[in-house]
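# Inside the fold
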Amino acid sequence: MRRPRVSICRVMRATDLRESVWAAVEQAMVLAGWMDSIPRGANVALKPNLGWDLFLPGAVTSPWVVEGVIRTIRPHVGELFLVESDQVVVNVNKAFAQSGLDRVCRAYDVRWVNMTHLPLVEVEVPQPRALPKIAVPEILLRTVLVTIPVMKTHNKTTITGALKNQWGCLPMFRHQYHLVLDAALADINQVVRPQFAVMDATVALEGNSPKSGIPRIVDRVLASSDPVALDSVAAHLMGFAPSQIGHLRECAAVGLGHASLDEIEMLGDSAEPLSPPFIPARHNLVSKMELVLRRNARLRPWFFDTPLFRVCCAVTLLYYDVWYYVLGIGRRRRDAVLRSPYGAQWQLR
């Protein structure tokens, strides 16, 4: 069998950086053989990462990358949807507008779908690791899924990429699965398996991600039809050992792809790890408290199954508001990227 292909393409700094990003996206997709994975005329659901509604480049998928994917596949496919779901502490409609993806959807006649409001269909997991059945938004069962994650560290899964991005395909109560997160990611990716993945590594996020991290300009786009292979290569570039990342092992074990770098054909730019390596994520106060409460059998029902949970969510939102606005850490990190050449894609917000 042919080894899975993962392409790594560098964004060439030019006068028009937007066109350079588009070119890198197209090159990465062609090298990885996207036309072999997406049938002609298929309706396609594009799944970016819109996991935070406080604007921070690197925390969400960049509009130029999504635009590059749309421009590449538009002549080949049918209807295009951009899909994402709310979190208990994230208003995804707000994140959609802040990210600039609302403008992209209007410009290319792509339909925005907040999957939180769609009917759910219960599907059996072929090889369950934690969840025998999963309720998923019906749109994902009638479209080809193309996942467009961001290169980020993560305080629970080391990295978040092409596999973790499907976490947003679960209903809002998905936070209940945090103690079995690695196994649950193998389950959701079996049910809503992406046919192709394009990773936005133009502006990535390191440190205490997936939200309160540090933006890092990497100038790369990665692509593959094998999401496990893509995430394994991304982890390697970031300075992490794929073999030590639980959800990569779980997903490889159920046949979702290849986690061993020896089994992967890497094309395009150098696959040497970036220097310096990415700063790993640690649990911030919110994440630490959540895990403590979830692991305590006596306290867990009180905090997660009663109205007290809404109080916990309000405290979480207050924590992030203080970090972002009062202490100004988030605003300073945002502004540093907005002053870079990549900032132009968000200046029209």
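Residues numbered from 1 in each chain as written. Predicted model: local features only at pLDDT ≥ 70, side-chain atom pairs only at ≥ 80, totals over all residues. Heavy atoms only, no water.

### Quick look at the overall build of the chain
When you go through the chain residue by residue, the secondary structure sums to eleven helices and twelve strands. Taken over the C-alpha trace, the chain has a radius of gyration of 19 Å; the compact-globule value for 349 residues is 20 Å, and the two agree within 12%. With the principal axes as the frame, the chain shows a C-alpha extent of 55 × 45 × 40 Å. Residues counted as buried form 58% of the 349 residues belonging to the chain. Restricting the contact set of the chain to residue pairs at least 6 apart, pairs at least 24 apart contribute 76%. Split by element, the accessible area of the chain, about 14500 Å² in all, is 53% carbon and sulfur. Across the chain, 39 positive and 31 negative side-chain charges occur, with their mean positions spaced 6 Å apart. (Helix = DSSP H or I, 4+ residues; strand = E, 2+ residues; numbered from the N terminus. Rg over C-alpha atoms; globule rule 2.2 N^0.38 Å. Buried < 20%, exposed > 50% of the residue type's maximum accessible area, 1.4 Å probe, protein only. Contact = heavy atoms within 4.5 Å. Areas by Shrake-Rupley, 256 points an atom, 1.4 Å probe, with all protein chains shown as cover. Lys, Arg positive; Asp, Glu negative; His and termini not counted. Charge placed at Lys NZ, Arg CZ, Asp CG, Glu CD.)

### Re the side chain of Ser209
Inspection of the secondary structure puts Ser209 in the loop between strand S10 (196-206) and strand S11 (214-224). A polar contact of 3.1 Å, which involves the side chain of Ser209, links it to the side chain of Thr153. For Ser209, the contacting residues outside a window of four places in its chain are Thr153, His154, Asn155 and Ala281. (Polar contact = N/O pair within 3.5 Å; in protein donor to acceptor, adjacent residues only side chain to side chain.)

### Re the packing of aromatic side chains
Applying the stated criterion across every chain yields a total of nine aromatic pairs. Seen in terms of ring centroids, Trp52 and Tyr320 are 5.4 Å apart; in terms of plane orientation they differ by 70°. Their pairing is edge-to-face. A residue pair is termed long-range when its members are at least 10 positions apart, and Trp52 in the loop between strand S2 (44-48) and helix H2 (63-73) and Tyr320 in helix H10 (residues 308-326) qualify at 268 residues. You'll find Trp52 and Tyr320 in the same group, each marked buried. A centroid spacing of 4.0 Å and a plane angle of 5° characterise the contact between Phe96 and Trp112, whose relative ring orientation is stacked. (Phe/Tyr/Trp six-rings, centres within 6.5 Å; stacked < 30°, edge-to-face > 60°.)

### Some points on helix H11 (residues 329-338)
Buried within H11 we find Gly330, Arg334, Val337 and Leu338. The arc that holds every buried residue of H11, seen down its axis, measures 100°, which confines them to one face. On its buried side, H11 packs onto S10, S11 and H10. (Arc of directions from axis to C-beta.)

### Overview of the packing of H2 against helix H4 (residues 101-108)
The description of two helices packed together rests on the angle between their axes and the distance between the axes. Close contact between H2 and H4 brings their axes to 9 Å; oriented N to C, the two are set at 20°. Relative to H4, the element H2 lies roughly parallel. Pair H2 / H4 crosses with right-handed handedness. Contacts between H2 and H4 involve Pro63, Val66, Glu67, Ile70 and Arg71 from the first element and Leu101, Val104 and Tyr108 from the second. Along the lines of polarity and charge, the residues of the contact of H2 with H4 split into six nonpolar, no polar and two charged. (Axes fitted to C-alpha atoms, helices over the stretch in contact; angles between N-to-C directions. Parallel < 35°, antiparallel > 145°, perpendicular 65-115°, else oblique. Left-handed = near helix turned anticlockwise from the far one by under 90°. Nonpolar A, V, L, I, M, F, W, Y, C, P; charged D, E, K, R; others polar.)

### A short note on the pairing of S10
Most of S10 sits out of view: eleven of its eleven residues are buried. As judged from the two bridges shared by strand S7 (residues 144-148) and S10, these two strands associate in the parallel manner. Its bridge partner being in S10, Thr147 is matched across the sheet by Ala197. The pairing of S10 with S11 spans nine bridges and is classified as antiparallel. Along S11, the bridge assignment pairs Glu206 with Ile214. (Pairing = 2+ DSSP bridges.)

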